[in-house]
Amino acid sequence: GVRDGLGAYIAKPETYAPDVVVYHNDDFVAIHDMFPKSSLHLLLLPRDQTKTRMHPFDAFEDTEFLEKVKTETRTLRKLAAGELRRKYGKDSAQEQTRQAALSADPPPDELPLGRDWEHDIVVGVHAVPSMNHLHVHVLSVDRYSERLKHRKHYNSFSTPFFVPIEDFPLAEDDVRRNPTREGYLKRDFTCWRCSRGFGNRFAELKQHLEQEFKEWKKL
Ligand code: 5GP
Ligand code: ZN
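1. Here we look at the sheet that holds strand β3 (residues 41-46)
In spatial order, the strands read β1-β2-β3-β5-β4-β6; together these six strands make up an open sheet with antiparallel pairing. Looking at the sheet topology across the chains shown, the edges are occupied by β1 (21-24) and β6 (162-164). In this sheet, neighbouring strand axes are inclined to one another by 30° on average, regardless of whether the strands run parallel or antiparallel. Sheet topology places strand β4 (residues 121-126) next to strand β5 (residues 136-140); four bridges connect them, and they run antiparallel. The residue of β5 that forms the bridge with Val123 is Val138.

2. Examining the coordination of the zinc ion (ligand 2)
Coordination of the zinc ion (ligand 2) by the protein comes from Cys191 (SG), Cys194 (SG), His208 (NE2) and Glu212 (OE), over a distance range of 2.0 to 2.3 Å. Its four donor atoms give the zinc ion (ligand 2) angles of 105 to 115° at the centre, a pattern that matches the tetrahedral case. Mapped onto the sequence, the residues coordinating the zinc ion (ligand 2) show the spacing C-x2-C-x13-H-x3-E. Placement of Cys194 in the loop between β7 (189-190) and β8 (197-199) and of Glu212 in helix α7 (residues 202-218) is noted, with a sequence separation of 18 residues between them.

3. Some details on the nonpolar core
Core analysis: the biggest nonpolar cluster contains 34 residues, and Phe60 and Phe168 have the highest contact counts within it. The element contributing the most residues to this core is helix α3 (residues 63-88), with eight residues.

Rules of the game
Residues numbered from 1 in each chain as written. Chains lettered and ligands numbered in written order. Predicted model: local features only at pLDDT ≥ 70, side-chain atom pairs only at ≥ 80, totals over all residues. Heavy atoms only, no water. Pairing = 2+ DSSP bridges. Helix = DSSP H or I, 4+ residues; strand = E, 2+ residues; numbered from the N terminus. Axes fitted to C-alpha atoms, helices over the stretch in contact; angles between N-to-C directions. Donors = N, O, S within 2.8 Å, 3.2 Å for Na, K, Ca; no water. Tetrahedral: all angles 85-135°; square planar, octahedral: opposite > 155°, others 65-115°. Core = buried A, V, L, I, M, F, W, Y, C linked by side-chain atoms within 4.5 Å. Buried < 20%, exposed > 50% of the residue type's maximum accessible area, 1.4 Å probe, protein only.

Listed below in structure tokens is the structure:
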């Protein structure tokens, strides 16, 4: 069924073009999400046969496995940050300042730091995944995409329904283990960047996300 759609990438990553499979090794496959919910949205798929059918909360109980996944997400976060720099770096005020300093004659003793794009990448899992194969989301913070079409799309990445990889292992009594009871997906919208509330006004939120995206790029 459609919920098994990620299995094919794990089985035969070498059969996909680079705009689909970003890279693969013995233990992981990194792919582009087919329905991206941000301007950059990747998925990390662990290939471990004993884990791939498990809920992430259960799979990450294995601390050795968890550490392997965390290490790989650091690699993918760097790669994603590099992609953001290529896409938006030239627009960013901080990058322009750095470039100007670099080309000054003589260049200053201390160069201003470039923008830390890794800071603009979020990594985590959904408390209730819709796809069966274990996957970790690696996406830019902007939540700006044509494919973000439903209220649950936004809230699944913008409430505690999204559990950052750094938060694992979860405590036994962590409330995020009961996502349905918490009703995260039905919450009022809050802008990821300025925290403004949008109630249940999705169209208004979408317009605002476009504005925030433009400003975020140029930061
Ligand atoms: P989940 O909600 O299960 O955490 O996220 C599953 C993700 O897989 C979603 O973001 C969805 O867009 C993505 N997805 C679903 N089917 C496919 C597919 O066939 N190929 C790719 N590359 N991504 C998919
Ligand atoms: Zn905002």
